[in-house]
Amino acid sequence: ASWKFEPDKMLYATMSTGYRPGGSNRVQGIDPYGSDTLTNYEAGWKTSWFDNTFRLNGAVFYELWHDLQYGLSGQSGITSIYNAGNAHSKGVEGEADWVIGDLELSGSGTYVDARLTTDFCPLDASQNVVESCPGAATAPAGPRLPVMPAFKGNATARYNFYFGGFQCYVQ
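Residues numbered from 1 in each chain as written. Predicted model: local features only at pLDDT ≥ 70, side-chain atom pairs only at ≥ 80, totals over all residues. Heavy atoms only, no water.

Enquirer: What exactly am I supposed to notice about the sheet that holds strand β2 (residues 9–20) here?
Expert: Picture the strands of a sheet paired through backbone hydrogen bonds; they go either parallel or antiparallel. The strand order across the open sheet formed by eight strands is β1-β2-β3-β4-β7-β8-β9-β10, and the pairing between neighbours is antiparallel. The strands lining the two open edges of the sheet, one partner per strand, are β1 (2–6) and β10 (166–170). Ignoring which end each strand starts from, the neighbouring axes of this sheet average 15 degrees apart. Here β2 pairs with strand β3 (residues 36–49) via twelve bridges, running antiparallel. Bridge assignment links Tyr19 to a residue of β3, and that residue is Thr37. (Pairing = 2+ DSSP bridges. Helix = DSSP H or I, 4+ residues; strand = E, 2+ residues; numbered from the N terminus. Axes fitted to C-alpha atoms, helices over the stretch in contact; angles between N-to-C directions.)

Encoded structure:
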């Protein structure tokens, strides 16, 4: 759903869901892995100001991930995929672009808090996931998901000019 409350300003909300199919692992004796699903809830804004010379966009989001597929390196460096339980991801993102004559400034940033919400239990002797882990979990519920930075951002400044009849820029 979206609402354009001015010609160059809009608010929106969306809910979407999707999945990745499961499959077979390449190592004999390791169980196949199931599909995982992700449901996303998002609300945001897309705006333009000052005769379209300044743009400000952003969103807040919350994602629920069920039966998260996670790869672990095993014998001979062969990665096997396991369903590691459930996780959630919540955060905020934004971007701004400003054109001041021949100068263009832009930047964006995202904060994400992505965490496992169920224990990922140790593997048994056959390298299959144990359904319940009365002892220590391989990955207990609560910590941040791996390879998921809390903050990502970038900034760019670009100056456009003509030189010898050619359009050029320095960035």
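Enquirer: What is the right way to look at the pattern of salt bridges in this model?
Expert: In a structure, side chains of opposite charge can pair up when their charged atoms sit close to one another. Considering all chains together, one arrives at seven salt bridges under this definition. The residue Lys9 makes a salt bridge to Asp8 at a minimum N-O spacing of 3.2 Å. Assessed through its relative accessible area of 6%, Lys9 is described here as buried. A relative accessible area of 29% places Asp8 in the partly exposed class. In this structure, the salt-bridge partner of Asp97 is Arg55, at a minimum N-O distance of 2.1 Å. Of this pair, Asp97 sits in strand β7 (residues 87–100) while Arg55 sits in strand β4 (residues 54–66); the two residues are 42 residues apart in sequence, bridging distant segments of the chain. (Salt bridge = Lys/Arg side-chain N within 4 Å of Asp/Glu carboxyl O. Buried < 20%, exposed > 50% of the residue type's maximum accessible area, 1.4 Å probe, protein only.)

Enquirer: Explanation requested: the pairing of strand β6 (residues 79–83) in the structure shown.
Expert: Sheet faces and side chains relate simply in a regular strand, where the side chains alternate between the two faces. Burial along β6 is one-sided: Ser80 and Tyr82 are buried, while Thr79, Ile81 and Asn83, pointing the other way, are not. Bridging between strand β5 (residues 69–73) and β6 involves five bridges; their strand directions are antiparallel. Opposite Ser73, over in β6, you have Thr79 as the bridge partner. Here β5 folds back onto β6, and the loop between the two strands holds five residues, one of which, Ser76, carries a positive phi near 55 degrees.

Enquirer: Help me understand the environment of Arg158, please; the structure alone is not making it clear to me.
Expert: As for its position among the elements, Arg158 is in strand β9 (residues 151–163). For Arg158, a relative accessible area of 25% puts it in the partly exposed group. Between the C-alpha atoms of Arg158 and Leu145, which are 13 residues apart in sequence, the distance is 35 Å. Sequence-distant contacts of Arg158, that is, excluding residues within four places in its chain, are made with Asp102, Leu103, Glu104, Tyr169, Val170 and Gln171. Among the polar contacts listed, one links the side chain of Arg158 to the side chain of Gln171, at a separation of 3.5 Å. (Contact = heavy atoms within 4.5 Å. Polar contact = N/O pair within 3.5 Å; in protein donor to acceptor, adjacent residues only side chain to side chain.)

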